[in-house]
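# Architecture at a glance
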Amino acid sequence: ALVRDQIFKPRCVSCHGAQGGVNLESYSEVLKNLQAIRRTVVIEKSMPRGGTLRAAERQLLEAWIQAGA
C-alpha cells in the first residue's frame, strides 16, 4: 500500500488510468508493466512526465520491485 499510496496514485494514475494506454490503477496492471515501469522511472527517469520522482521515491520503488513487488 505504501508504494501505491505514495507513488502510483499521486504520480502515475492521473495519466495511466483506465482511459487507455498503460493502465496502472490496479496491482495486476502494475505487475504486467513492472519492467517498463522500472526502465522508465528508475533507470531512464523519463516518467512521470512533467517531473521525475524524488530520489527517495525512486529508491522506494526500486526496493519494492527488487523485493518482488
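Read on for an overview of the structure. (Residues numbered from 1 in each chain as written. Predicted model: local features only at pLDDT ≥ 70, side-chain atom pairs only at ≥ 80, totals over all residues. Heavy atoms only, no water.)

### Remarks on the overall build of the protein chain
When helices and strands are tallied, the protein chain shows four helices and zero strands. Radius of gyration (C-alpha) of the protein chain: 11 Å, near the 11 Å computed for a compact globule of 69 residues. For the protein chain, the spread of C-alpha atoms along the principal axes amounts to about 30 × 25 × 20 Å. Summed over all atoms, the accessible surface of the protein chain reaches about 4400 Å², with 53% contributed by carbon and sulfur. (Helix = DSSP H or I, 4+ residues; strand = E, 2+ residues; numbered from the N terminus. Rg over C-alpha atoms; globule rule 2.2 N^0.38 Å. Areas by Shrake-Rupley, 256 points an atom, 1.4 Å probe, with all protein chains shown as cover.)

### Remarks on the environment of Leu 31
Residue placement: Leu 31 occurs in helix 2 (residues 27-32). In this structure the C-alpha to C-alpha distance between Leu 31 and Gln 19, which are 12 residues apart in sequence, comes to 18 Å.

### Considering the nonpolar core
Core analysis: the biggest nonpolar cluster contains 15 residues, and Ile 7, Phe 8, Leu 24, Val 30, Ile 37, Val 41 and Leu 61 have the highest contact counts within it. Of all the secondary-structure elements, those providing two or more residues to this core are helix 1 (2-12), helix 3 (34-43) and helix 4 (55-66). Excluding its chain neighbours within four sequence positions, the residues that come into contact with Leu 24 are Phe 8, Cys 12, Val 13, His 16, Glu 29, Val 30, Asn 33 and Ile 37. (Core = buried A, V, L, I, M, F, W, Y, C linked by side-chain atoms within 4.5 Å. Buried < 20%, exposed > 50% of the residue type's maximum accessible area, 1.4 Å probe, protein only. Contact = heavy atoms within 4.5 Å.)

### Points about the state of the cysteines
Per the counting criterion, the structure on display carries zero disulfides. Sulfur of Cys 12: no disulfide; nearest cysteine sulfur belongs to Cys 15 and is 8.9 Å away. Judged by its relative accessible area of 11%, Cys 12 falls in the buried class. (Disulfide = S-S within 2.5 Å.)

### Some words on the environment of Ser 28
In this fold, Ser 28 is placed in helix 2. Only 3.2 Å separates the side chain of Ser 28 from the side chain of Ser 26, close enough to count as a polar contact. (Polar contact = N/O pair within 3.5 Å; in protein donor to acceptor, adjacent residues only side chain to side chain.)

### What about helix 4?
Here helix 4 contains 12 residues, and its C-alpha end-to-end distance of 16 Å stays within 8% of the 16 Å for a straight helix at 1.5 Å per residue. Within the span of helix 4, buried status applies to Glu 57, Arg 58, Leu 61, Glu 62 and Ile 65. Projection of helix 4 onto a plane perpendicular to its axis shows the buried side chains occupying an angular sector of 130 degrees, all on one side. Among the exposed residues of helix 4, those oriented more than 90 degrees off its buried face are Ala 56, Gln 59 and Gln 66. Buried residues in helix 4 make contact with helix 1 and helix 3. The first or second residue beyond helix 4 is Gly 68, which carries a positive phi of 100 degrees. (Expected span 1.5 Å × (residues − 1). Arc of directions from axis to C-beta.)

Read these as geometric descriptors, not functional statements.
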